[in-house]
Amino acid sequence: MIDGRFRGFITLVALTLLIPATARAQADDEQQTGAQLFKQLRAQGEIVSSSPLYDSLRPIAENLTRVVQPKYQYPIHFYVVHEPQPNAFAAPGGNVYVTDSLFYFVKNQQELEGTLCHETSHLLHHDSEKLMQDNTKIRDRAIAATILLGPKVLLAVGLIGQLDSNHYSRQAEEAADLTGSDTCAAAGYNPWGLVWLFQDFSNAKMPQPPEILSDHPDFANRISALQQHFQQNPARFANFDSNKTSATPFDVPKKEDESFLR
């Protein structure tokens, strides 16, 4: 669930793969890439250092970290970022970013928990790092095709590359949904929150879907895959209530202005 601008930054970082192997060993390191992204976000003033929203985020983040950290080699941190679109994304090296707008979009606590469970799965799967590698392979194939077929096919090659890139993204999202539901269950969070989130996004009928969903599988397929996963693993999921009326209300400070974001 990576925002378009941040995906663009990660793609730019991937261009370091063009330099000699001895020089790029350090540049390819996940932790360094994540640190570069954090530095850029902070320089742009997008990272919120202090906000009441952290009071809602921190308990969930701490509980999830206890479950996920033993499986991940880098320290995991959660940050609020200031963006108009409800979104969340995991970066290489262990940082999970949650936009302030998402806190005002989710309808209950389980939906926020499900989102964060999903994002920690991207860390476990090293999806950002794989996306960098995949984009490099796509670029290399496009360059080879252009050399063989000539510059007139450049546009077609670009479209093929984009389709390839979306394919990888969809695979990653499907896997993160399922692993995220497992993480939620292990943390004691109702994994149905992720299903409810997809339903709410679908019902919202946004004119422009957020990056969290715009190039990913449709809602019906993702919901169906989760429901099937729940049915196939009754020992893990049977005790969680699928009825949305059982959800915990989620209250955050009124967003009358943005003065509390700093």
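Residues numbered from 1 in each chain as written. Predicted model: local features only at pLDDT ≥ 70, side-chain atom pairs only at ≥ 80, totals over all residues. Heavy atoms only, no water.

### A word on the state of the cysteines
Disulfide: a covalent bond connecting the sulfur atoms of a pair of cysteines.
Move 1: Per the counting criterion, the structure on display carries one disulfide.
Move 2: Residue pairing for Cys 117: its cysteine sulfur links by disulfide to Cys 184, the two sulfurs lying 2.4 Å apart. Residues Cys 117 and Cys 184 share a disulfide whose torsion about the S-S bond is about 115°; that sign makes it right-handed. Of this pair, Cys 117 sits in helix H6 (residues 109-125) while Cys 184 sits in helix H8 (residues 154-187); the two residues are 67 residues apart in sequence, bridging distant segments of the chain.
Move 3: Of the residues examined, Cys 117 reaches a relative accessible area of 0% and is grouped as buried. (Disulfide = S-S within 2.5 Å. Helix = DSSP H or I, 4+ residues; strand = E, 2+ residues; numbered from the N terminus. Buried < 20%, exposed > 50% of the residue type's maximum accessible area, 1.4 Å probe, protein only.)

### Here's the deal with the sheet that holds strand E2 (residues 77-81)
Move 1: Strand order across the open sheet formed by four strands is E1-E2-E4-E3, with mixed pairing between neighbours. The sheet terminates laterally at strand E1 (47-48) and strand E3 (88-90), the two strands that pair on one side only.
Move 2: Here E2 pairs with strand E4 (residues 95-99) via five bridges, running parallel. Residue pairing across strands places His 77 opposite Asn 95, the latter belonging to E4.
Move 3: Contacting E1, E2, E3 and E4, helix H3 (residues 30-43) runs over the sheet at an angle of about 30° to E4.
Move 4: Packing of helix H4 (residues 53-68) onto the sheet brings it into contact with E1, E2 and E4, and relative to E2 it is tilted by some 155°. (Pairing = 2+ DSSP bridges. Contact = heavy atoms within 4.5 Å. Axes fitted to C-alpha atoms, helices over the stretch in contact; angles between N-to-C directions.)

### Brief notes about the environment of Pro 84
Move 1: Structurally, the position occupied by Pro 84 is in the loop between E2 and E3.
Move 2: A relative accessible area of 75% means that Pro 84 is categorised as exposed.
Move 3: Considering only alpha carbons, one finds Pro 84 and Leu 102, 18 residues apart in sequence, at a separation of 8.8 Å.

### Some thoughts on the packing of H4 against H6
Move 1: Orientation of H4 relative to H6, taken along the N-to-C sense of each, is 40°, at an axis distance of 10 Å. Of the possible angle classes, the one that applies to H4 and H6 is oblique. At the point where H4 passes H6, the crossing takes the right-handed sense. Taking contact as the criterion, the partners of Leu 57, Ile 60, Leu 64 and Val 68 in H4 are, on H6, Gln 109, Leu 112, Glu 113, Leu 116, Cys 117, Thr 120 and Leu 124. (Parallel < 35°, antiparallel > 145°, perpendicular 65-115°, else oblique. Left-handed = near helix turned anticlockwise from the far one by under 90°.)

### Examining the confidence of the model for the protein chain
Move 1: Residues at a pLDDT of 70 or more form 67% of the protein chain, whose mean pLDDT is 77.
Move 2: Ranking the helices and strands of the protein chain by mean pLDDT puts helix H12 (residues 234-237) first, with 97, and helix H2 (residues 21-27) last, with 42.
Move 3: Counted against residues more than four places away or in other chains, residues 5-27, with its pLDDT under 50, gives 41 contacts.
Move 4: Confidence over residues 138-168 falls short of pLDDT 50; this stretch has 19 contacts with residues more than four positions distant or in other chains. (pLDDT = per-residue confidence, 0-100.)

### Topic: the environment of Leu 194
Move 1: Among the structural elements, Leu 194 can be located in helix H9 (residues 192-204).
Move 2: Taking the relative accessible area as the measure of exposure, Leu 194 reaches 2% and is therefore buried.
Move 3: Distance from Leu 194 to His 118, taken between C-alpha atoms, is 8.2 Å for residues 76 residues apart in sequence.
Move 4: In contact with Leu 194, other than residues within four places in its own chain, are Gly 114, Thr 115, His 118, Asp 177 and Leu 226.

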